[in-house]
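Residues per chain are reported as follows:
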There are 2 protein chains.
Amino acid sequence: MPKLDFDVITLGHGSGGVLTNKLLDSGVFDLLGNDILDERHDGAFLELHGKTAFSTDSFLVSPIFFPGGNIGELAVNGTVNDLAMCGAMPRYLSLSFIIEEGLPVKEFWEILVAIKFACERAGVQVVTGDTKVVEKGKGDKLFINTSGVGPIHPKATIGAKNIQMGDRIIISGNIAAHGMAIMSVREGLEFDSEIRSDTTNLNHSVIGLIEKFGPDIHLLTDPTRGGVATVLKEIARSTGVGMDIFQKDLPIDDQVANACELLGLDPLYVANEGLFIAFVSEARADAVLAELRKDENGRNAQIIGSVVKEHPKQVILESAIGGKRVVNMLPGEQLPRIC
Amino acid sequence: MPKLDFDVITLGHGSGGVLTNKLLDSGVFDLLGNDILDERHDGAFLELHGKTAFSTDSFLVSPIFFPGGNIGELAVNGTVNDLAMCGAMPRYLSLSFIIEEGLPVKEFWEILVAIKFACERAGVQVVTGDTKVVEKGKGDKLFINTSGVGPIHPKATIGAKNIQMGDRIIISGNIAAHGMAIMSVREGLEFDSEIRSDTTNLNHSVIGLIEKFGPDIHLLTDPTRGGVATVLKEIARSTGVGMDIFQKDLPIDDQVANACELLGLDPLYVANEGLFIAFVSEARADAVLAELRKDENGRNAQIIGSVVKEHPKQVILESAIGGKRVVNMLPGEQLPRIC
């Protein structure tokens, strides 16, 4: 961390004047710098050719530090993953801070370092940004918006309209870890071992699959807010297809499952951050699963169900003991400020 | 405004579940819809070719409604103008809301309508977005982030390194209107006629100049936070050039000038939103000025000074009575939450 003559961030650091420059010059530009960012213009100059994905997300997770990560890497991974879900190769990020007056510089710096490493892992550059400060009590420590752009992989044909009857629904790993990590901190719960957020960048894993299986990957989506249930139901509703999924095939860590039970939460609705769902052609599903399991991010991957002709627009879950229930979207709010 | 069964926005509207969909389907998608947004994927699919600008800004103006506009059009115009200052033709915006629980839906809707019209005026489309809600007391009604992309105009050669000795510094209109409009509401000041924000989209005006004068436009910048003084000093500092500017040539509305005097504010440091500064070749400066004055956004345009060899890195202001003073960046914060 650089030596600074201030310990906390004040309103002046969002003025656009001397203090803003002091804050940015104190190490932010050194840490995140690259040829494009270093131009320091009102916007970044990029070279883009052809089909490009563009995505945005604001992050307001509370607390800003949690087991397995902090809001900084969450903000990078979140937008990187949204781009990857488009079949894009994330390249450039914007980074916009809304800081509550009084945030310790030490915490801000720790988050910046996490951003830097998350960018390196994902292979993206922060090319433009913004820093604003709100008065104490008008924000909550730190909100971060990231937007991102990146070229669509030439072999990607991702889109809800590509889903076909019989498609297999593959999930890349254990569910509910991120939500339960946040919840355990908020509720002061202690377990035998810490429940850690699964936040990570999925772009290399996803692009690997697209590279190998191209048009057999029909749709990709990451079940963040609202969890697996909400995202599947939303797809069923918007495309009109039905889905059957099987509880016995849903991968979940024992401790996370216990924590959910303890708090009366259905893990199907708990947020994930380092997880994706792929709709894959029936013919290639086993091959995709085998390939995905070779990947660190996919070692617990499972086929959890399939797209069916019966019950259009409905997602039906078959429970471990054979009962069936209709899966709906999260009706209210289970865990506010999860991402 | 659509008929809804809720009057205020609650945490559930940011859940990503049923209520989020209800809010978005209540008219947001109808209002802002276009072929790209309607895909409703995790990101938008764009076609981009060649040099492209990418910019981001978060808006936290308080109050969210002010004379001459609201936070919605400010958020569209702000990013549109940042792209225009790169010599780009703004095309696509992302739109991310951070809503404080309890925001009246009526106000949210009014802001959405302002966003729609601002997009139409600027010729841009909202193609991707995000909606989050924070608990009461953890935000302040509404924060908006917009990011944008657009192709660089083929005749644009904008960049601080293009500034040349003798360049004329042109300002497109009256200074300090936005800041004083916000200030007058906050302080409950009343004037003979209302001071209104100058928020507007500058892209058509700027692209018109680039189209006509191409490489004679060396640098463009919009003096928002920190005002004209801060932005000129920042350029002087980063490029190493000196500048002389003349107070008598600085266009300002009488009432705005009086309001500044009343509050002891130097208008050179007050934020502008619908204003730009162009560094233009000496040879073509008069022609650029004449062209700009034909434009609604440029009718009060003036040449306020020039780039000089003397006093590198310094901006010197000659006052109306002939005295000289060094212009520095805004040292602290004059008006927090101005944009």
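Remember, predicted model here, so these are calculated numbers, not experimental data. (Residues numbered from 1 in each chain as written. Chains lettered and ligands numbered in written order. Predicted model: local features only at pLDDT ≥ 70, side-chain atom pairs only at ≥ 80, totals over all residues. Heavy atoms only, no water.)

Undergrad: Please explain the overall build of chain A as it appears in this structure.
TA: Counting its regular elements, chain A contains 8 helices and 13 strands. In terms of overall dimensions, chain A is globule-like: its C-alpha atoms have a radius of gyration of 21 Å, near the 20 Å expected for 339 residues. A total of 339 residues make up chain A; the buried ones form 61% of that total. Partitioning the intrachain contacts of chain A with sequence separation of at least 6 by distance along the chain shows that 86% fall at a separation of at least 24. Carbon and sulfur atoms form 49% of the exposed surface of chain A, whose accessible area is close to 12600 Å². Where the 31 positive side-chain charges of chain A centre and where its 45 negative ones centre are 4 Å apart. (Helix = DSSP H or I, 4+ residues; strand = E, 2+ residues; numbered from the N terminus. Rg over C-alpha atoms; globule rule 2.2 N^0.38 Å. Buried < 20%, exposed > 50% of the residue type's maximum accessible area, 1.4 Å probe, protein only. Contact = heavy atoms within 4.5 Å. Areas by Shrake-Rupley, 256 points an atom, 1.4 Å probe, with all protein chains shown as cover. Lys, Arg positive; Asp, Glu negative; His and termini not counted. Charge placed at Lys NZ, Arg CZ, Asp CG, Glu CD.)

Undergrad: Would you take a moment to explain the interface of chain A and chain B for this structure?
TA: When the parts of a complex come together, some accessible area is lost, and that lost area is often taken as the interface size. At the junction of the two partners, chain A supplies 78 residues and chain B supplies 78 residues. For the pair chain A and chain B, the summed buried area comes to about 5800 Å², and 54% of that belongs to carbon and sulfur atoms. Considering only the surface of chain A that becomes buried against chain B, Asp42, Phe54 and Arg225 of chain A emerge as the three largest contributors, covering 13% of it. Viewed at the interface, chain B and chain A are joined by 8 salt bridges. Connecting chain A to chain B are 35 residue pairs in polar contact (both at pLDDT 80 or more). Going through the elements one at a time, helix H1 (18-32), strand S1 (44-59), strand S4 (92-100), strand S5 (125-134), strand S6 (142-151), strand S8 (217-221) and helix H6 (227-239) of chain A are the ones with two or more residues in the side of chain A that touches chain B. (Buried area = accessible area lost by both parts, 1.4 Å probe. Salt bridge = Lys/Arg side-chain N within 4 Å of Asp/Glu carboxyl O. Polar contact = N/O pair within 3.5 Å; in protein donor to acceptor, adjacent residues only side chain to side chain.)

Undergrad: Sorry if this is basic, but what is going on with a negative patch on the surface here?
TA: All names here are of chain A. A cluster of like negative charges, contributed by Asp30, Asp35, Asp38 and Glu39, occupies part of the molecular surface. Within the secondary structure layout, Asp38 lies in the loop between H1 and S1. Residue Asp38 is classed as partly exposed on the basis of its relative accessible area of 45%. (Patch = residues over 30% accessible without salt bridge, like charges linked within 9 Å, V, L, I, M, F, W, Y side chains within 5 Å.)

Undergrad: Please explain the UniProt feature "domain: PurM-like C-terminal" (unreviewed entry) in chain A as it appears in this structure.
TA: Under the UniProt annotation, "domain: PurM-like C-terminal" (unreviewed entry) lies at residues 166-315 of chain A. Note that residues 166-315 of chain A is 35% helix and 17% strand, and that its end C-alpha atoms are spaced 14 Å apart. (UniProt positions renumbered as here; feature names shortened; annotations may be inferred.)

Undergrad: Which parts of the structure should I look at to understand the relation of the copies chain A and chain B?
TA: Superposing the two chain copies requires a rotation about an axis and a translation along that axis. Mapping chain A onto chain B calls for a screw motion: a turn of 180° about the axis and a shift of 0.0 Å along it, with 0.0 Å RMSD after fitting. Taken together, the rotation angle and the small translation identify this as a two-fold axis. In this assembly, 100% of the residues forming the interface of chain A have copies in chain B that are likewise at the interface, indicating an isologous arrangement. (Least-squares fit on C-alpha atoms with pLDDT ≥ 70 in both.)

Undergrad: Looking at this structure, how should I read the UniProt feature "domain: PurM-like N-terminal" (unreviewed entry) in chain A?
TA: With numbering matched to this structure, UniProt assigns "domain: PurM-like N-terminal" (unreviewed entry) to residues 42-150 of chain A. End-to-end, the C-alpha atoms of residues 42-150 of chain A are 20 Å apart, and along that stretch the chain is 29% helix and 44% strand.

Undergrad: Honestly, the environment of Ser147 of chain B in this entry has me stumped. Any pointers?
TA: With respect to the helices and strands, the residue Ser147 of chain B is situated in strand S6 (residues 142-151). Taking the C-alpha atoms as reference points, Ser147 of chain B and Ser58 of chain B, 89 residues apart in sequence, are found 8.6 Å from one another. In this structure, Ser147 of chain B is in contact with Phe54, Ser94, Asn145 and Ser147 of chain A together with Phe54, Ser55, Thr56, Thr79, Tyr92, Leu93 and Ser94 of chain B, ignoring residues within four places of it in sequence. At 2.8 Å, the side chain of Ser147 of chain B and the side chain of Ser147 of chain A are in polar contact.

Undergrad: It is not clear to me how the pairing of strand S11 (residues 302-308) of chain A should be interpreted in this structure. Could you clarify?
TA: Two faces belong to every sheet, and in a regular strand the side chains alternate between them. All names here are of chain A. Most of S11 is tucked away, with 6 of its 7 residues classed as buried. Pairing geometry for strand S7 (residues 168-171) and S11, over 4 bridges, is antiparallel. Note on S11: the bridge partner recorded for Ile171 is Gln302. In the sheet, strand S9 (residues 242-246) pairs with S11 via 4 bridges, with the strands oriented antiparallel. For Asp244, the partnering residue across the bridge sits in S11 and is Ser306. (Pairing = 2+ DSSP bridges.)

Undergrad: Could you clarify how one ought to interpret the sheet that holds S5 of chain A in this entry?
TA: Sheets are built from strands paired through backbone hydrogen bonds, the pairs being either parallel or antiparallel. Strands sit in the order S5(A)-S4(A)-S6(A)-S1(A)-S1(B)-S6(B)-S4(B)-S5(B) across an open sheet of 8 strands; the sheet is mixed. Both edges of this open sheet fall to S5 of chain A together with strand S5 (125-134) of chain B, since each of them pairs with a single strand only. Strand-to-strand, the axes of this sheet are offset by a mean angle of 20°, without reference to chain direction. Inspection of the sheet shows strand S4 (residues 92-100) of chain B paired to S6 of chain B by 8 bridges, in the antiparallel sense. Residue Ile98 of chain B lies in a different strand from S6 of chain B, and its bridge partner there is Phe143 of chain B. (Axes fitted to C-alpha atoms, helices over the stretch in contact; angles between N-to-C directions.)

Undergrad: I keep staring at the packing of H1 of chain A against helix H3 (residues 105-122) of chain A and nothing clicks. Help me out?
TA: Two quantities define a packed helix pair, namely the angle between the helix axes and the distance between the axes. Residue and element names in this part refer to chain A. Between H1 and H3, whose axes approach to 10 Å, the crossing angle comes to 20°. In terms of orientation, H1 lies roughly parallel with respect to H3. Crossing angle aside, the handedness with which H1 passes H3 is right-handed. For the pair formed by H1 and H3, the contact residues are Leu23, Gly27, Val28, Leu31 and Leu32 on the first element and Phe108, Trp109, Leu112, Val113, Ile115 and Lys116 on the second. Residue composition of the contact of H1 with H3, grouped by class: 9 nonpolar, 1 polar and 1 charged. (Parallel < 35°, antiparallel > 145°, perpendicular 65-115°, else oblique. Left-handed = near helix turned anticlockwise from the far one by under 90°. Nonpolar A, V, L, I, M, F, W, Y, C, P; charged D, E, K, R; others polar.)

Undergrad: Is there a simple way to think about helix H3 (residues 105-122) of chain B in this case?
TA: Residues separated by three or four positions in an α-helix point in the same direction, a consequence of the helix having 3.6 residues per turn. The first and last C-alpha atoms of H3 of chain B sit 26 Å apart over 18 residues, in line with the 26 Å expected at 1.5 Å per residue. Of the residues one or two after H3 of chain B, Gly123 of chain B is the one with positive phi, at around 75°. (Expected span 1.5 Å × (residues − 1).)

Undergrad: Sorry if this is basic, but what is going on with the environment of Gly240 of chain B here?
TA: Residue and element names in this part refer to chain B. If you trace the backbone, Gly240 turns up in the loop between helix H6 (227-239) and strand S9 (242-246). Between the alpha carbons of Gly240 and Pro312 there is a distance of 5.5 Å; along the sequence they are 72 residues apart. Not counting chain neighbours up to four residues away, the residues in contact with Gly240 comprise Ile235, Pro312 and Lys313.

Undergrad: Would you mind showing me how to read the sheet that holds strand S12 (residues 315-318) of chain B here?
TA: Residue and element names in this part refer to chain B. Taken in spatial order, the 7 strands line up as S8-S10-S7-S11-S9-S12-S13 in an open sheet, and their pairing is mixed. Both outer strands of the open sheet, strand S8 (217-221) and strand S13 (324-327), are each paired with one neighbouring strand and no more. Along the sheet, successive strands turn relative to each other by an average axial angle of 25°, direction set aside.

Undergrad: Explain unusual backbone geometry here, please?
TA: Note: most peptide bonds trans; most residues except glycine with negative phi. Residue and element names in this part refer to chain A. Here the amide bond leading from Ser62 into Pro63 is cis, since omega sits at 0°, within 30 degrees of zero. For Lys141, which is not glycine, the phi dihedral falls at a positive 65°. By the secondary structure assignment, Lys141 is in the loop between S5 and S6.

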